[in-house]
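A structural walkthrough
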Amino acid sequence: MFGIVRPCTHRLSEGLRTEWMAHLCGLCLALRADHGQFARIVTNYDGLIVSVLTEAQTGAMPAGRRTAGPCPLRAMRTAPVAMGEGARLAAAVSLVLASAKVRDHVADRDGLLARRPVAAAARRVAAGWDRAGARTGAALGFDTALLVDAVDRQTGIETLAGPGTALLTVTEPTETATAAAFAHTAVLAGKPQNAAPLAEAGRLFGRLAHLLDAVEDREADAASGAWNPLTVTGTSLTEARRLCDDALHGVRLALREVEFTDGQLVHVLLAHELRRSVDRAFGTSSCSHQGLEVPEGSFGPPPGNPYGPTPGSPYGPTPGNPYGPTPGGPAAPPPPRPPRDRRGLIAGCLVWAGLACTCQLCCGSYEDPWSGERREAPCQSCGDCCEACDCCGQCGEGCCCCGDSCGCDC
């Protein structure tokens, strides 16, 4: 899974988490339906934003969802998934983006791709993805030749780049490709007036994707001698951060001009999670959803248990053990735990194997393979989890970082 917008699910409300997973699974299943099982490996976090943008403009409709069967990535549970033109456009874009990434690794001779037979096979796979993306794009009225042309121009630009070359000259092909993909969501949604601001948001999103990839790979590229735009153009991290911050601001301004039916998930992903992606790439954020300390005076809950009894409340629990013996009567048993459906031994073992293969047992949260209870994985200090919202006020107040109204689950 690649992509720069990788939200920790602990930061999303239950409703937004369900919607985000619906688009992620919808992208994966659209790839399988149109291009076969192998194509599912190009599922990525950024591609699903195309699906999110399409639905945000039209609004969620019952016809846009279907119930998918059990999957190891969902602990063998069924789930509603997005379907329709938005998911198919996301699939087409993801195929072309993945093709570009493979070509880039081949050009850099990374790992096994330094061997000619492996590189030749990778090129054939990339060419097949280009053709598959073109077929789906044509069915949706989207010309993926714009994306392929951008990929081809990228190689020539990188060959000519050197010290003093403007960094934005190097990022231009990526910006052009993502602008075209974002703008076409307005066509699919039947809102052509949104095409221009979405193209601008997409252009700046592409700039961020290119820059953050360069920042994250900078040290590894220097060690291996691979091509890196920051190193080749002599751009400092300070200048790269300035360009990223400008792009973040531009994305928010562009999204204000878009007419959304329900833009809440778009706002969370492209206003807040995109900011966290920049902080993560530059190493300016450190958080964990466990052990999070909320400084005094912030928007955290008041000290103590906010759901506990108020001192002197007549509805608080009786002092002492509530399940202890009452005067003159037998001890009251504790209330029974609600029954849960349990899997059998073999079915539970199969689900456990699926969770282990997908790393859910190591990081994040998952449902117990046998009991179905929510469990927390042992690795909880992931470095990018669940910080308190540092730019939103209380429910219903404005968002001071972007000027929008965020609501309670922003």
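The structure we're discussing is the one just above.
For the structure given in this document, a descriptive report is provided here. Owing to the predicted nature of the structure, the values given are computational and were not obtained by experimental measurement. (Residues numbered from 1 in each chain as written. Predicted model: local features only at pLDDT ≥ 70, side-chain atom pairs only at ≥ 80, totals over all residues. Heavy atoms only, no water.)

A few words now on the overall build of the chain. Of regular secondary structure, the chain possesses eleven helices and four strands. Relative to its 410 residues, the chain shows a buried fraction of 45%. Nonlocal contacts in the chain, meaning residues at least 24 apart in sequence, comprise 68% of its contacts between residues at least 6 apart. Put simply, the chain shows about 21,200 Å² of open surface, and 58% of that area lies on carbon and sulfur atoms. (Helix = DSSP H or I, 4+ residues; strand = E, 2+ residues; numbered from the N terminus. Buried < 20%, exposed > 50% of the residue type's maximum accessible area, 1.4 Å probe, protein only. Contact = heavy atoms within 4.5 Å. Areas by Shrake-Rupley, 256 points an atom, 1.4 Å probe, with all protein chains shown as cover.)

What follows is about the nonpolar core. Side chains that are nonpolar tend, in soluble globular proteins, to be buried together. If you look at the biggest cluster of nonpolar residues, it comprises 74 residues, and the most contacted ones within it are Leu270 and Leu274. Once residues within four sequence positions are removed from consideration, leucine 274 is found in contact with Ile4, Val5, Phe205, Leu208, Leu248, Val251 and Leu269. (Core = buried A, V, L, I, M, F, W, Y, C linked by side-chain atoms within 4.5 Å.)

We now examine the packing of aromatic side chains. All chains considered together, the criterion is met by three aromatic pairs. Ring centres of tryptophan 20 and tyrosine 45 lie 5.8 Å apart, and the angle between their planes is 15 degrees; this geometry places the pair in the stacked category. Taken as a pair, tryptophan 20 in helix H1 (residues 14-35) and tyrosine 45 in the loop between H1 and helix H2 (48-58) lie far apart in primary sequence, 25 residues in all. (Phe/Tyr/Trp six-rings, centres within 6.5 Å; stacked < 30°, edge-to-face > 60°.)

A word on the pairing of strand E1 (residues 65-71). Pairing of E1 with strand E2 (residues 77-82) involves five bridges; the strand directions are antiparallel. Note that in E2 the partner of arginine 66 across the bridge is valine 81. The hairpin formed by E1 and E2 contains five residues between the paired strands, and alanine 75 there has a positive phi angle of roughly 55 degrees. (Pairing = 2+ DSSP bridges.)

Let us now look at H2. Taking burial as the measure, the eleven residues of H2 include ten buried ones, the bulk of the element. When we look at burial in H2, the residues that qualify are Leu48, Ile49, Val50, Ser51, Val52, Leu53, Thr54, Glu55, Ala56 and Gln57. Note on H2: the residue one or two positions beyond its end, glycine 59, has a positive phi of about 90 degrees.

A volume near 1,300 Å³ is recorded for the second largest pocket. Around the second largest pocket, the lining is made up of 49 residues, and of these Ala100, Lys101, Asp104, Thr174 and Asp213 lie nearest the centre. Secondary-structure elements contributing two or more residues to the lining of the second largest pocket are helix H3 (85-108), helix H5 (145-160), helix H6 (167-189) and helix H7 (195-224). Considering each element in turn, the lining of the second largest pocket owes the most residues, eleven residues, to H3. Among the residues forming the lining of the second largest pocket, the class breakdown is 24 nonpolar, eleven polar and 14 charged. (1 Å grid on protein atoms, 1.4 Å probe; cavity = no way out; pocket = protein on both sides within 12 Å on 5 of 7 lines; lining within 4 Å. Points joined across faces, edges and corners; volume = space filled by probe spheres on them. Nonpolar A, V, L, I, M, F, W, Y, C, P; charged D, E, K, R; others polar.)

The next thing to look at is the pattern of salt bridges. All told, the structure shown has 18 salt bridges when counted by the stated rule. The closest approach of N and O atoms between glutamate 273 and arginine 11, which form a salt bridge, is 2.6 Å. You can see glutamate 273 sitting in helix H10 (residues 264-281) and its partner arginine 11 sitting in the segment before H1, a full 262 residues away along the chain. The exposure classification of glutamate 273 matches that of arginine 11, with both residues buried. As a salt-bridge pair, arginine 17 and glutamate 14 come within 2.3 Å of each other at their nearest N and O atoms. With a gap of three residues between them, arginine 17 and glutamate 14 both fall in helix H1, about one helical turn apart. (Salt bridge = Lys/Arg side-chain N within 4 Å of Asp/Glu carboxyl O.)

Before going further, it helps to examine the environment of threonine 165. Relative to the helices and strands, threonine 165 resides in the loop between H5 and H6. In this structure threonine 165 comes out as partly exposed when scored by relative accessible area, which is 25%. Once the C-alpha coordinates of threonine 165 and glycine 234 are considered, the two residues, 69 residues apart in sequence, prove to be 8.3 Å apart. Threonine 165 has contacts with Val170 and Thr233, leaving out every residue within four places of it along the chain. For threonine 165, the side chain forms a polar contact with the main-chain nitrogen of glycine 162, separated by 3.0 Å. (Polar contact = N/O pair within 3.5 Å; in protein donor to acceptor, adjacent residues only side chain to side chain.)

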